[in-house]
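# Tertiary structure, described
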Amino acid sequence: MTQRSEVTAFPEIRVPAALTFAALVVGLALGIALKGGALLERVLPAAELMGSLWLRALQLTILPLVIGLVVTGISQTLAAAGGGGLARRAVLLFVAVLVAAGTSAAIIVPLLLELAPIPESAVAALSGGVAEAGKVPTLGEILNAMMPENIFAAAAGGAMLPVVLFAALFALAATRIGEAPRRQLVLFFEGLAAAMMVVVGWVLMLAPLGVFGLALALGAKTGADAIGGLAHYIVVASAAGAVVLLGGYLLAVLRGGQRLGGFVRAMLPVQAVAISTQSSLACLPAMLAASRRLGVRESTADFVLPMAVAIFRATSPAMNMAVAIYAAKLTGVPLSPVALAAGVAVAFLVSLSSVSLPGTLSFVVSVGPIAMAMGVPVAPLALLVAVEMLPDIMRTLGNVTMDVAVTATVDHRDPAG
């Protein structure tokens, strides 16, 4: 998915998603074909090095990008909430939906993986094997980690939870200072985020090479076992997004005053655009038309829907939590309720920071911090990102459906209506 929000100053990042997916397929096929052959001994070291260097470059970019985006995203959200009563109601509903989405994934995805476990052969194939599984933190350890003695040391050590929380508190504190210094701070972090997005864009432009190297090595070592695991992952991640999609229908009916049949019919053209473009921004005209067909006041739709596209991505907490939980299962990291709660908190905060980004870039920005906060190795993400273009369809479907449902709900409950 490639899109650029007109409400931000972020540069347009083009991600070769289709080429990356093709590199995954070709790499797996070539690795399987060369398995046990003499040629593999000459090719495999280079492939492993190429994949390892790309993965390290990807990990290197996560922390500074997340810091910039969290501060910028929260600043945008708070600014939007200050736009009057209608804006505050919309933002509060955004927050409620995001928290509920992340919580639902923390409950449903582990149960789903118990009912339909990852195939053992796929676990061995996709676990990465290049990182040690993180220790699940206890409540006391998480509370201590949230208040490190030195935030820079915590950042240097890859402690994502305190860094993200510190960035969120910093953004909140910035609202209490004068307008001129506050704007200078926001501009600095906007610049940091924009520059790091360019760097991540460069790294992701090399994704076909990195994924090809990782996939070739994987195919040579595990044969076709990884293919079943990737298919299983796509279904699980999409199921987490489907919960949000269904939640959009429930919200529209129970709180938005809509009839189910009418809402379903109104959303069909929007969802057709979503499937074809995988871009919430490209769906905005269709969402505005759907809102009018549903009887939503034009003034509400024209205000809430663009704001939703700018600062709200309903499926992000649920589907990003699903990816992190899946990576935990792959690497054998047990997840306690406390660890899942830490994941939900970070998923909520980073969801405010990754809107209007290409799906693959959003995957990197969002899932890495969640996994790190839960003590889950990020190595498996390097291959999962190669198939993100498929779950990304469900991300867009869930996002646009919830955007219209939220707009209808805000309009239905607006006292001025």
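Scroll up a little and you will see the structure.
Here is a short report on the structure shown in this document. (Residues numbered from 1 in each chain as written. Predicted model: local features only at pLDDT ≥ 70, side-chain atom pairs only at ≥ 80, totals over all residues. Heavy atoms only, no water.)

The next thing to look at is the overall build of the protein. Of the regular secondary structure elements, the protein holds 18 helices and 0 strands. Within the protein, buried positions represent 55% of all 417 residues. The long-range share in the protein, meaning contacts at least 24 apart out of those at least 6 apart in sequence, stands at 85%. Summed over all atoms, the accessible surface of the protein reaches about 17,000 Å², with 69% contributed by carbon and sulfur. (Helix = DSSP H or I, 4+ residues; strand = E, 2+ residues; numbered from the N terminus. Buried < 20%, exposed > 50% of the residue type's maximum accessible area, 1.4 Å probe, protein only. Contact = heavy atoms within 4.5 Å. Areas by Shrake-Rupley, 256 points an atom, 1.4 Å probe, with all protein chains shown as cover.)

Structurally, the position occupied by aspartate 392 is in helix H18 (residues 391–412). At 4.4 Å, arginine 395 is the nearest oppositely charged side chain to aspartate 392, a buried residue that forms no salt bridge. Reaching out from aspartate 392, the side chain makes a polar contact with the side chain of glutamine 278 at a distance of 3.3 Å. (Lys, Arg positive; Asp, Glu negative; His and termini not counted. Salt bridge = Lys/Arg side-chain N within 4 Å of Asp/Glu carboxyl O. Polar contact = N/O pair within 3.5 Å; in protein donor to acceptor, adjacent residues only side chain to side chain.)

Attention now goes to the packing of helix H13 (residues 298–311) against H18. Look at H13 against H18: their axes get within 10 Å of each other, and the N-to-C directions meet at 140 degrees. Relative to H18, the element H13 lies oblique. For the pair H13 and H18, the crossing hand works out as right-handed. Of the residues in H18, those in contact with Thr300, Ala301, Val304, Leu305, Ala308 and Val309 of H13 are Asp403, Val404, Thr407, Val410 and Asp411. (Axes fitted to C-alpha atoms, helices over the stretch in contact; angles between N-to-C directions. Parallel < 35°, antiparallel > 145°, perpendicular 65-115°, else oblique. Left-handed = near helix turned anticlockwise from the far one by under 90°.)

Structural remark: α-helix, 3.6 residues per turn; residues separated by three or four positions point the same way. Taking 1.5 Å of rise per residue, 27 residues should cover 39 Å, and helix H8 (residues 179–205) covers 38 Å from first to last C-alpha, within 8% of that figure. For H8, the set of buried residues is Val186, Phe189, Glu190, Ala193, Ala194, Met196, Met197, Val200, Gly201, Val203 and Leu204. (Expected span 1.5 Å × (residues − 1).)

A separate point is the nonpolar core. Counting 127 residues, the largest nonpolar core has Phe94 and Met321 as the members making the most contacts within it. Here the element with the most residues in this core is helix H3 (residues 85–115); it accounts for 13 residues. Of all hydrophobic cores here, the second largest spans 7 residues; its members include Leu40, Leu216, Ala217 and Ala220. (Core = buried A, V, L, I, M, F, W, Y, C linked by side-chain atoms within 4.5 Å.)

Per the counting criterion, the structure on display carries 6 aromatic pairs. Ring geometry for phenylalanine 166 against phenylalanine 170: centres 6.4 Å apart, planes inclined by 35 degrees, an arrangement best described as tilted. Remark: phenylalanine 170 and phenylalanine 166 occur in helix H7 (residues 160–174); sequence separation between them is 4 residues, near one turn of the helix. On the basis of relative accessible area, phenylalanine 166 is assigned to the partly exposed category, the value being 43%. Both rings, one in phenylalanine 170 and one in phenylalanine 189, keep their centres 5.4 Å apart while their planes meet at 65 degrees; by these two values the pair is edge-to-face. Of this pair, phenylalanine 170 sits in helix H7 while phenylalanine 189 sits in helix H8, placing them 19 residues apart in sequence. By relative accessible area, phenylalanine 170 is classed as partly exposed at 29%. Taking relative accessible area as the criterion, phenylalanine 189 reaches 10% and is therefore assigned buried. One aromatic cluster in this structure is built from Phe166, Phe170, Phe188 and Phe189. (Phe/Tyr/Trp six-rings, centres within 6.5 Å; stacked < 30°, edge-to-face > 60°.)

Quick look at the environment of valine 273 now. By secondary structure assignment, the location of valine 273 is in helix H11 (residues 260–277). Residues valine 273 and valine 400, 127 residues apart in the sequence, show an inter-C-alpha distance of 9.9 Å. With sequence-adjacent residues up to four places away left out, valine 273 is seen in contact with Gln278, Ala282, Cys283 and Ala286.

All told, the structure shown has 7 salt bridges when counted by the stated rule. In this structure, arginine 292 and glutamate 298 form a salt bridge, with 3.6 Å as the shortest nitrogen-oxygen distance. On the basis of relative accessible area, glutamate 298 is assigned to the partly exposed category, the value being 47%. Two residues, glutamate 388 and arginine 395, come together in a salt bridge whose shortest N-O distance is 2.6 Å. Here the salt bridges share partners, and the residues they tie into one network are Arg292, Glu298 and Asp302.

Along the chain, methionine 321 turns up in helix H14 (residues 316–331). Assessed through its relative accessible area of 0%, methionine 321 is described here as buried.

For the rest of this paragraph, the subject is a nonpolar patch on the surface. Together, Ile107, Ile108, Leu111 and Val243 line one region of the surface with nonpolar side chains, adding up to about 330 Å² of accessible area. With 3 residues, H3 is the largest single contributor of residues to the nonpolar patch. Its location among the elements puts leucine 111 in helix H3. (Patch = residues over 30% accessible without salt bridge, like charges linked within 9 Å, V, L, I, M, F, W, Y side chains within 5 Å.)

This part is about unusual backbone geometry. With a phi angle near 50 degrees, glutamine 278 is a residue other than glycine that sits in the positive phi range. Note on placement: glutamine 278 falls in the loop between H11 and helix H12 (284–293).

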